[in-house]
Amino acid sequence: MARDAAGLSDGAGRPRITFTMFRSHDDPALQSWLRFRAPLSGGANLEDELGRRERGRAGDLDVARSSPRTGTGAPGFWRLLASNNRELGRSFLLYRSFDHARAHVQAVQSSETGLEAVYVTGPHSGARGWVVTHDGAPVITCSRWYDSVSARAAAATGALPALPIAQVAAVAHRRGPAGPVL
């Protein structure tokens, strides 16, 4: 199996991007992700984020905009997975449809430059994380906190070259009340 300059394999062993769309803003997996990601996004909760996206520059990405209370426009995100299915990171943004999420991933992948890792500290002592930005806007985050500076750097360094070459899924997983529904 051939490997690229970053040591990532191509073909069947290449990294991939999967999409998860939620039927409800109240889905426990979505709420868990938002709690984890809050320190990475300045502490914003879902309602704050959706309002900010409505007004901000991310509005042109067509992120989820409806109120969590109405249950309409349920959001989704994407995950970057290594060839062994280890999660390398998750999208920073929430999207209101699979098509918008997929289009944004492909736009980021087609850009030859502009990806940069930014290191952050977590909500408790010793928690370290990262956010990858594209032209200054956050695109992907770590999916867990790291105990050491070197582990954090290694994780971000692994995600950076994987993102542009990842195989993008053609369909999204849909989460229902009992978990993933394909």
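This one's a predicted model, so the numbers in the text were calculated from it and none came from an experiment.

Participant: Tell me about the packing of aromatic side chains, and please be specific about residues and values.
Facilitator: Evaluation of the coordinates by the stated rule reveals 5 aromatic pairs. Between F19 and F98, the ring centres sit 5.0 Å apart and the planes meet at 85°, which makes this aromatic pair edge-to-face. Within this pair, whereas F19 is found in strand β1 (residues 16-22), its partner F98 is found in helix α3 (residues 98-110), the two being separated by 79 residues in sequence. The exposure class of F19 is buried, given its relative accessible area of 0%. Ring centres 4.9 Å apart and planes at 45° place the aromatic pair F36 and W145 in the tilted group. Of the two residues, F36 is situated in helix α1 (residues 28-37) and W145 in the loop between β6 (137-141) and α4 (149-165); the sequence distance between them amounts to 109 residues. When sorted by exposure, F36 lands in the same class as W145, which is buried. Each residue in the set F22, W33, F36, F77 and W145 is aromatic and connected to the rest through ring pairs, giving one cluster. Geometry around F92 places R37 over its ring, the cationic atom sitting 4.9 Å from the centre.

Participant: Please give an account of the environment of A29 that cites residues and values.
Facilitator: When you line up the elements, A29 lands in helix α1. Among residues more than four places away in sequence, those in contact with A29 are F22 and R175.

Participant: An account of the pattern of salt bridges is requested, with residue identities and associated values reported.
Facilitator: By the definition in use, this model includes 2 salt bridges. R79 is the salt-bridge partner of E87, the closest N and O atoms lying 3.0 Å from each other. A relative accessible area of 19% places E87 in the buried class. When the shortest N-O distance is used, the salt bridge between E87 and R90 registers 2.5 Å.

Participant: Go over the confidence of the model for the chain, please, and point to the residues and values.
Facilitator: Of all residues in the chain, 71% attain a pLDDT of 70 or more, and the chain-wide mean is 78. Predicted confidence in the chain is weakest over helix α2 (residues 46-55), with a mean pLDDT of 42, and strongest over strand β7 (residues 167-168), with 96. Contacts of residues 1-10 to residues separated by more than four positions or lying in other chains number 17 contacts, the stretch itself having pLDDT below 50. Considering only residues more than four positions removed or in separate chains, one finds that residues 44-72, a stretch of pLDDT under 50, has 60 contacts.

Participant: Describe the nonpolar core, naming the residues involved and giving the relevant values.
Facilitator: If you look at soluble globular proteins, the nonpolar side chains tend to sit buried side by side. Judged by nonpolar contacts, the single largest core of 40 residues is most densely connected at I17, F19, W78, L80, W130, I140 and L163. Per-element tally for this core: the top contributor is α4, with 5 residues. In this structure W78 touches I17, T18, F19, R90, S91, Y95, A101, V105, V139, I140 and L163, once residues within four positions along its chain are discounted.

Participant: Tell me about the side chain of T20, residues and numbers included.
Facilitator: Structurally, T20 can be placed in strand β1. Of the residues examined, T20 reaches a relative accessible area of 11% and is grouped as buried. Ignoring anything within four residues of it in the chain, the contact list for T20 reads G76, F77, H173 and R175.

Participant: Explain the pairing of strand β2 (residues 76-81) to me, and be specific about the residues and the numbers.
Facilitator: Among the 6 residues that make up β2, 5 are buried, leaving the element largely enclosed by the rest of the structure. Where β1 meets β2, 6 bridges bridge the pair, whose relative direction is antiparallel. Note that in β2 the partner of F19 across the bridge is W78. As paired strands, β2 and strand β3 (residues 87-91) are joined by 3 bridges and run antiparallel to one another. Directly across from L80, in β3, lies its bridge partner G89. Between β2 and β3, which pair antiparallel and follow one another directly, the connecting turn spans 5 residues, one of which, N85, has a positive phi of 75°.

Rules used throughout
Residues numbered from 1 in each chain as written. Predicted model: local features only at pLDDT ≥ 70, side-chain atom pairs only at ≥ 80, totals over all residues. Heavy atoms only, no water. Phe/Tyr/Trp six-rings, centres within 6.5 Å; stacked < 30°, edge-to-face > 60°. Helix = DSSP H or I, 4+ residues; strand = E, 2+ residues; numbered from the N terminus. Buried < 20%, exposed > 50% of the residue type's maximum accessible area, 1.4 Å probe, protein only. Lys NZ or Arg CZ within 6 Å of the ring centre and 35° of its normal. Contact = heavy atoms within 4.5 Å. Salt bridge = Lys/Arg side-chain N within 4 Å of Asp/Glu carboxyl O. pLDDT = per-residue confidence, 0-100. Core = buried A, V, L, I, M, F, W, Y, C linked by side-chain atoms within 4.5 Å. Pairing = 2+ DSSP bridges.

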